[in-house]
Amino acid sequence: MLLRVNKATTAKFSLRKRPTSEKMVDVGFKNIVVAMASMVAVVLFSIFAVVYYESTESISRYGLRFLFSSAWNPVTDEYGAFTAIYGTLFTSIASLLIAIPLGVGTAIFITENIIPESIRNVIGIMVELLAAIPSVVLGLWAVFIMEPFIRPFLNIIYELFGFIPFFSTQPLGAGMMPAILILVVMILPIITSISKDSLKQVPSKLRQAAYGIGASRWTTIFKVIIPAAISGITGGVLLALGRAMGETMAVTMIIGNSNNFNWSIFAPSYTISSMLANQFGEADGSQVSSLMYAALILMILTLLVNVFAQWIVKKLSLKYQ
Amino acid sequence: MNKKNIESTPSVSLDNVSITYGNSVAVKNVFCDIEKNQVTSFIGPSGCGKSTVIRAINRMNDLIEGCKLSGSVIFEGIDIYAEDIDPVEVRRRIGMVFQQPNPFPKSIYENIAFGARVNGYKGNMDQLVEESLTKAAVWDECKDKLNESGYSLSGGQQQRLCIARTIAIEPDVILMDEPCSALDPLSTLKIEETIHELKKNFTIIIVTHNMQQANRVSDYTAFFNTEKKDKDLGGKIGFLVEFDKTKNMFNSPKQKSTQDYISGKFG
Amino acid sequence: MNYTSKKSLTYNPSLSRNIGNNSLTIISALFAIISVLPLILVISYVLIKGGSYINLDTLILEPEPPGDDLLSAGGIGPAIIGTFIMTVIASIISIPVGVGGGIYLAEYSKSGKFAKFIRFGSNVLAGIPSIIAGVFIYAIIVSTKILFGSMFSGIAGGISLSILMLPTIIKTTDEALKLVPNDMRRAAFGVGASKFTMITNITLPAAFSSISTGVLLALARAAGETAPLVFTALFSRYYITSFDDIFYEMGSLSVLIYNFALEPYEAQNQLAWAASFILVVVLLSLNILSRWISTIAVFSKK
């Protein structure tokens, strides 16, 4: 039937000659999706432009002095974000240092055949579900459960090592240390799941090669598997760093929100994001501009970390191909 | 040379070995004595379990979840599947070359040195690297680029680098799992020459699907075949049909199926 | 013989290699236990403590002004509705834009400079702290009163959540469409389909389950977000009664938890736990649902 092409059969297909309406739909659709894709760029640029524009007053008034002063006084109109910047960097890097061994160690444990696969999968899923718990719920848990629980232990550290500036104040509740611990909980799933994916992608022939010449399990892991997966692991770690720097709610609820600079990790402190969450609603005048300046700094910090993450993943993954 | 010496103990002997993956039997009831300083080849149609058996000899199957072995694999008088055996020690004495060339993503030099260091090598590393690459007949191609990545070599050269890496740890036995299947004929020929040389110092077991290759390189040949497990399941179980000197095997096989396979009727 | 260690095949537990290996294995197991512990602790506290405060009154009443009256603290009803409304607003904006953007990247762009830039941009946008989205919406909508003169509003909250959902949806759509085999596209073109027909009838349906997984995950993340709402939607103790109410302050579960957790009164703290219970149950269900959809998708492809 189909093979017999004659005038009667071609007439059956009324769309053989493409009507202009179909062409218009095609072109129109393409234009719509291009516009939608461009929205990403529009939003991204507007965020930077708006935050920069709103902070110009503060930038011109304080310049770089803003970064090194910890004055924050709406009455005298003097603002500086040193405490918040220090707090952001210190809490995120400290939490990263704790979370890297935990996360990478867990990822190794659930990619090696130490225990049956079904149990490993359950561990993997549980760690990923941890990422689904909202920050504010973790904050609630940190305030009412975790902080009272760890306070006695922090007190012991204070009594034994109180002469070291980092432990020099008595832990009385909210402070930098509980904020660091809750950040560990929040970034652990990122490091674990990205490390796990990278470790799983290491070709099994490399593992066989190492075992085949008599390398032990952990020699194989440290000398062959981790070097081959290092680009992904580093990328995950940097993403986690960016996340920790921008994390707001849990930190705001537990860090104590104090702009007084203190070396002690048991004292209340501030991060840029907790300062924004805490003050933005009630701020006006030049305080808004200073908060916007702080927001700009936070954006630049996270942007640098994220761009560096994308760059390093590319750079390191080239090495093994 | 090929006259079987009754007094000599075999290097590796498989004693009623059966291997299962999960619930399915891959190969069953293999008995086989492998002589020292001889080349033994395992041939047979695909799915006959020859690769599974060779991987059992240095406990590489430990890496595969759900893989179990019954019977015993005796290496120099010791059952390597006994409770108190360290599989890492086993693999240091029984090295392996794999089907796909698998150099480490390191320099050529480091590919050799890594295995040597893992095994606690005390001597001169430069010398070891040169010797191993020479024995594996790849020194001339490598000597000017020892610091380049192992992946800069061609497939055949990579495989000889992997052989060199195995030689460098001075094992007693070298297992080769279809080492030429990913290579071109010229590289295959070079590797076969290498195997001839290596026989002086090592016991070699090679899995191959190429009967001409088995005929060319090996002193002994083991022919594996499959049987239908169950009409309903449709799976296959491998078993050892015949094991003899290669010469006898190719000239006067005792079993009909060996005859058929060698003459190319199936496989 | 250059190798001193070649003696016995027997496992020697006192060998430094074996001690090292075993202790590393134990350490990694310990790390895995520590990593799982917070989830177990948080979930059990939220389910047990939060669950114990759940009853019909809690679910439907409006919260009363903070005070230490355990009997008449009210409930979290308006917050449940508020979270739902703002998540819907965010979805209405971000799903079409995100899926459209993903279609552009996967089906039209090949690997041009613009597409590279958009991919890079959506990665950057995904990395921007959620509170910045709030700051941005505050600056362009709340403080300018651009939306019919309203300041803090549910709609402003929904828009700021949509900024957070957008990059996730673009990325999953892009990746899901790229996984559709090119054979399908050639087949569609081969019978004379236009590109629009090919995308809407062949590749989008084929990628549907992966895209919905990504959308669900983005939705779950947005529903739990607090930071962008704190000074865009603010908070309200009242139910909305008409459509116009979305232009006024709106309560949400997450902001309720934040506000009430910091109140010094037991009654409000209890409501915060109850709200956490609802939020965690809904979000974990969404996550498990999305996992289930993606396993179904894997099976149907086999």
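Since the structure is predicted, the reported quantities are computational estimates derived from the model, not experimental observations.

Draft legend 1. The arrangement of the overall build of chain B in detail. Each helix and strand in chain B was counted, giving 10 helices and 10 strands. A globule of 267 residues ought to have a C-alpha radius of gyration of about 18 Å, and chain B, at 19 Å, matches this closely. Overall, the C-alpha framework of chain B stretches about 55 × 40 × 40 Å when taken along its three principal axes. Residues classed as buried in chain B amount to 49% of the 267 residues present. Long-range contacts, defined here as pairs at least 24 residues apart, represent 70% of the contacts in chain B between residues at least 6 apart.

Draft legend 2. Examining the interface of chain A and chain B more closely. Listed as interface residues are 18 residues of chain A and, on the opposing side, 20 residues of chain B. Put simply, the parts of the chain that give the side of chain A that touches chain B at least two residues each are α8 (204-212) and α9 (217-246) of chain A. Considering each element in turn, the side of chain A that touches chain B owes the most residues, 7 residues, to α8(A). A class-by-class count of the residues in the side of chain A that touches chain B yields 8 nonpolar, 6 polar and 4 charged.

Draft legend 3. Spotlight on helix α7 (residues 176-200) of chain A. Residue and element names in this part refer to chain A. Between its terminal C-alpha atoms α7 stretches 36 Å, which fits the 36 Å expected from 25 residues at 1.5 Å a residue. Of all the bends in α7, the greatest reaches close to 35° and is centred on Ile187; the proline Pro189 follows between one and four positions later. Burial analysis of α7 places 23 of its 25 residues in the buried class, which makes it a mostly covered element.

Draft legend 4. Spotlight on the interface of chain C and chain A. Taken together, the contacts link 68 residues of chain C with 68 residues of chain A. Residue assignment for the side of chain C that touches chain A shows that the elements contributing at least two residues are α1 (16-52), α3 (77-108), α4 (113-127), α5 (130-142), α6 (154-179), α8 (195-224), α9 (253-261) and α10 (266-301) of chain C. Ranked by the residues each element gives to the side of chain C that touches chain A, the list is headed by α1(C), at 18 residues. Residue composition of the side of chain C that touches chain A, by class: 48 nonpolar, 18 polar and 2 charged.

Draft legend 5. Layout of α3(C). Residue and element names in this part refer to chain C. End to end, α3 covers 45 Å across 32 residues, agreeing with the expected 46 Å (1.5 Å per residue, within 8%). Of all the bends in α3, the largest measures some 30° and sits at Ser94, one to four residues before the proline Pro96. Of all 32 residues in α3, 24 are buried, a share of seventy percent or more.

Draft legend 6. Molecular detail of the pairing of strand β1 (residues 12-21) of chain B. All names here are of chain B. Pairing between β1 and strand β2 (residues 24-34): 7 bridges, direction antiparallel. When the bridges of β2 are listed, Ser13 appears paired with Asp33. Hairpin remark: β1 followed by β2, antiparallel, with 2 residues in the connecting loop; positive phi at Gly22, about 60°. Relative to strand β4 (residues 67-75), β1 is paired through 8 bridges, and the arrangement is antiparallel. Considered in β4, the bridge of Ser13 is made with Ile74.

Draft legend 7. The arrangement of the confidence of the model for chain C in detail. With 96% of its residues at a pLDDT of 70 or more, chain C shows a mean pLDDT of 89. Interface predicted TM-score (ipTM) for the complex: 0.92; the corresponding pTM is 0.88.

Draft legend 8. Here's a closer look at the environment of C:Pro65. All names here are of chain C. The residue Pro65 is located in the loop between α2 (56-60) and α3 in this model. Note on Pro65: 9 C-beta atoms within 10 Å, which makes it exposed. For the pair formed by Pro65 and Arg237, sequence separation is 172 residues and the distance between their alpha carbons is 8.1 Å.

Draft legend 9. Up close: the packing of helix α6 (residues 135-161) of chain A against α1(C). Following both chains from N to C, one finds α6(A) and α1(C) inclined at 85°, their axes separated by 11 Å at the closest point. By the angle between their directions, the pair α6(A) and α1(C) is classed as roughly perpendicular. Residue-level inspection shows A:Val137, A:Leu138, A:Trp141 and A:Ile145 of α6(A) in contact with α1(C), the latter providing C:Val42, C:Tyr45 and C:Val46. Each residue belonging to the contact of α6(A) with α1(C) can be placed in one class, and the counts come to 7 nonpolar, no polar and no charged.

Draft legend 10. Spotlight on the packing of α6(A) against α7(A). All names here are of chain A. Running from amino to carboxyl end, α6 crosses α7 at an angle of 130°, the nearest separation of the two axes being 9 Å. With respect to their mutual orientation, α6 and α7 come out oblique. Judged by the twist between their axes, the crossing of α6 over α7 is right-handed. Of α7, the residues touching α6 (which contributes Ser135, Leu138, Ala142, Met146, Glu147, Ile150 and Leu154) are Met177, Pro178, Leu181, Ile182, Val185 and Met186. Class assignment of the residues belonging to the contact of α6 with α7 gives a composition of 11 nonpolar, 1 polar and 1 charged.

What counts as what
Residues numbered from 1 in each chain as written. Chains lettered and ligands numbered in written order. Predicted model: local features only at pLDDT ≥ 70, side-chain atom pairs only at ≥ 80, totals over all residues. Helix = DSSP H or I, 4+ residues; strand = E, 2+ residues; numbered from the N terminus. Rg over C-alpha atoms; globule rule 2.2 N^0.38 Å. Buried ≥ 20, exposed ≤ 12 C-beta atoms within 10 Å, placed from the backbone. Contact = placed C-beta atoms within 7 Å. Nonpolar A, V, L, I, M, F, W, Y, C, P; charged D, E, K, R; others polar. Expected span 1.5 Å × (residues − 1). Bend = angle between axes of the 7 residues up to and from the residue. Pairing = 2+ DSSP bridges. pLDDT = per-residue confidence, 0-100. Axes fitted to C-alpha atoms, helices over the stretch in contact; angles between N-to-C directions. Parallel < 35°, antiparallel > 145°, perpendicular 65-115°, else oblique. Left-handed = near helix turned anticlockwise from the far one by under 90°.

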